[in-house]
Amino acid sequence: MGGSAGWIRCGRLTVVVGPSKAGKTRSLFEAVSTVLPTARVLVPTPESLARIPACAEFAACPEPIVVWLDNLDRFLTTSRPLTPLTLSRLTARPAPTVVVATLRCEVRDRLHYGSEDLAHDTRVVLQQAIQIDLSSTSNSLVEHADAAAAYPSLNLDRHGLAEVLAGAPELLQHYDASRYRNPVLHTVIQVAVDWVRVGRTDPIPEPVLAELALTIVEDQHPELEVGADQVQAAIVAARTPFPGVGHVALLRTDRLPDRSRGYPPFDYLVAADDGQHRSPRPIATDFWHLATEDADVDVLVSAGLNAFFRGRASVVEKLCRRAADAGDLNAMFNLGVLLYARGDTDEAETWCRRAAEAGDLSAMFNLGVLLHERGDTNGAENWWRRCADAGDLNAMSNLGVLLRKRGAAQEAEAWYRRAAAAGDLSAMFNLGVLLGKRDELAEAEAWYRRAAAGGHTSAEFNLQVLLDKKAPAAPAGHADDATRHPAARPRGTLSRPAAWAWVEYRAARRTPPPRPSGDNPTSTNDRG
């Protein structure tokens, strides 16, 4: 897979990132056509993606398949999001499988919101993906000059070629100008835009659009006499293409299953309100609840995830509670994470336990973490065993730590080996430590090397310590090396499966001794 499209790889997610109307879809399509010209293209919905690997027709298809995920964030903030496990299952079939996606640059930045402990799976998916940054032609003097020469009739003074060809600047100008010239029209467009921004992937039905727009315009413009007729006229204007802007309109018209109309907004308008080329416009708190008033639990979970990435903690909790009260295991788990993060461990345990007893592996693991923190090692062992028996690598590794501390080194080693063989870096590290204590240094070194190659910094350090022991004594003045491990803490996530992983921190601590005399022994321990 060489040439200009050589960055597309089977078994990897490739994401083209750039501003709205920069040509992401066109560029990605041309690249895919070059690499796999005869491949079938599968375009799933966010709700159906997780079910595709189990589809017999997909798995047995002998032809190459391209799984196309337009606007990747829709697949990361759904109730059944794209995770590293889902991605590996998609690409596990015998025939070549390529997973490609597009993503707006300001959305990518938003998906990195919060601490490293949150949204763990979303972060892993993005970190492991091949990301290709695509900028507007207006950002390159050469490309801009070439575009101007090829299209001399177009005004490319301020915008890129793809933006102008799509009529995006004109539509955005109409949207902005309507704020004062036609507040009803502006409110109609804004409602459709915010419908998407809160995480609704379905087109907003015309009756819902009309009702919400009327409610909001009455609140925001009490001086106006506005009725249903004016709102309906604004909807018609918004869905009608403007002269000179091709066949695009502020709102695209879709036919819903009942043959009524639904309206997705022009994507460039969503990007503008999200901060592309200007300051982002906040979403009113009330709108999150208006847009999900009669929603099912999948929509509630999706909206909750979007609220999380937008930093709206109070909205997240309310949406999660509604979905959890309706019996959704994802929401119970997410609510437990939120409650733990703010220190309400009692209620966090309640929701984790409800989800765990219903069979949710992620909740089982996190419940084990909570119980271990409270000193209930028997309870932690029980849930981690159930989770480990079901194949959870984090649980295997934590169970090994717990057993090693009890003196059951043989069983601990068995769990470490099982998790390490499946690729768990922490288990590789812990196995290396255990073997090192038994002076089985050759195998310890091998596991340290594998973990270090995967980016495990503690393994890198201990590997270096081990190699230093093989080397001649260091000259006088060489600083002591030691590892340390502060108290364990859980790691939370609003992306499933859970990653409230019981993590350890290890860092080199260099303290020159008063009277150096060569190397001092350095001990290593498994985590916790």
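Being a predicted model, the structure only gives us computed values, none of them experimental. (Residues numbered from 1 in each chain as written. Predicted model: local features only at pLDDT ≥ 70, side-chain atom pairs only at ≥ 80, totals over all residues. Heavy atoms only, no water.)

Draft legend 1. Layout of the side chain of Glu206. Counting through the fold element by element, Glu206 comes out in helix α11 (residues 206-220). With relative accessibility at 15%, the residue Glu206 sits in the buried group. Among the polar contacts made by the side chain of Glu206, one reaches the side chain of Tyr263 at a distance of 2.4 Å. Residues contacting Glu206, with those up to four places away along its chain left out, are Gln232, Ile235, Arg239, Arg261 and Tyr263. (Helix = DSSP H or I, 4+ residues; strand = E, 2+ residues; numbered from the N terminus. Buried < 20%, exposed > 50% of the residue type's maximum accessible area, 1.4 Å probe, protein only. Polar contact = N/O pair within 3.5 Å; in protein donor to acceptor, adjacent residues only side chain to side chain. Contact = heavy atoms within 4.5 Å.)

Draft legend 2. Representation of the pattern of salt bridges in the model. Under the definition given, this model contains 31 salt bridges. Across the pair Asp273 and Arg278 runs a salt bridge, and its minimum N-O distance is 3.5 Å. With relative accessibility at 4%, the residue Asp273 sits in the buried group. Across the pair Glu349 and Arg374 runs a salt bridge, and its minimum N-O distance is 2.4 Å. With Glu349 in helix α18 (residues 345-357) and Arg374 in the loop between α19 (361-373) and α20 (377-389), this pair connects stretches of sequence that are 25 residues apart. Within the structure, one salt-bridge network assembled from shared partners comprises Arg104, Glu106, Arg110, Asp176, Asp194, Arg197, Asp267, Asp273, Asp274, Arg278, Arg281 and Arg310. (Salt bridge = Lys/Arg side-chain N within 4 Å of Asp/Glu carboxyl O.)

Draft legend 3. Region of the structure containing the pairing of strand β3 (residues 65-69). Of all five residues in β3, five are buried; the element is thus mostly enclosed. A two-sided burial pattern is seen for β3, the buried positions comprising Ile65, Val67 and Leu69 on one face and Val66 and Trp68 on the other. The pairing of β3 with strand β4 (residues 97-104) spans five bridges and is classified as parallel. Following the sheet pairing, Ile65 is matched in β4 by Thr97. (Pairing = 2+ DSSP bridges.)

Draft legend 4. Expanded view of the side chain of Glu106. Mapped onto the secondary structure, Glu106 falls in helix α5 (residues 105-110). For Glu106, a relative accessible area of 11% gives the class buried. Side-chain polar atoms of Glu106 contact the side chain of Arg104, separated by 2.4 Å. Excluding residues that lie within four positions of it along the chain, Glu106 makes contacts with Ala271, Asp274 and Gln276.

Draft legend 5. Structural detail: the packing of helix α10 (residues 183-197) against α11. Contact geometry of α10 with α11 gives a least axis separation of 9 Å together with a crossing angle of 120 degrees. The orientation of α10 relative to α11 falls into the category oblique. In the packing of α10 onto α11, the handedness of the crossing is right-handed. Mapping the contact onto sequence places Pro183, Val184, Thr187, Val188, Gln190, Val191, Ala192 and Trp195 in α10 and Val208, Leu209, Leu212, Ala213, Ile216, Val217 and Gln220 in α11. Its residues assigned to classes, the contact of α10 with α11 shows 12 nonpolar, three polar and no charged. (Axes fitted to C-alpha atoms, helices over the stretch in contact; angles between N-to-C directions. Parallel < 35°, antiparallel > 145°, perpendicular 65-115°, else oblique. Left-handed = near helix turned anticlockwise from the far one by under 90°. Nonpolar A, V, L, I, M, F, W, Y, C, P; charged D, E, K, R; others polar.)

Draft legend 6. How the structure looks around unusual backbone geometry. Of note, Lys21 is a non-glycine position whose phi angle comes to about 60 degrees, a positive value. Its location among the elements puts Lys21 in the loop between β1 (13-18) and α1 (24-35). Of note, the phi angle at Arg259 is positive, near 75 degrees, even though the residue is not glycine. Structurally, the position occupied by Arg259 is in the loop between β7 (254-255) and β8 (261-263). With a relative accessible area of 58%, Arg259 lands in the exposed category.

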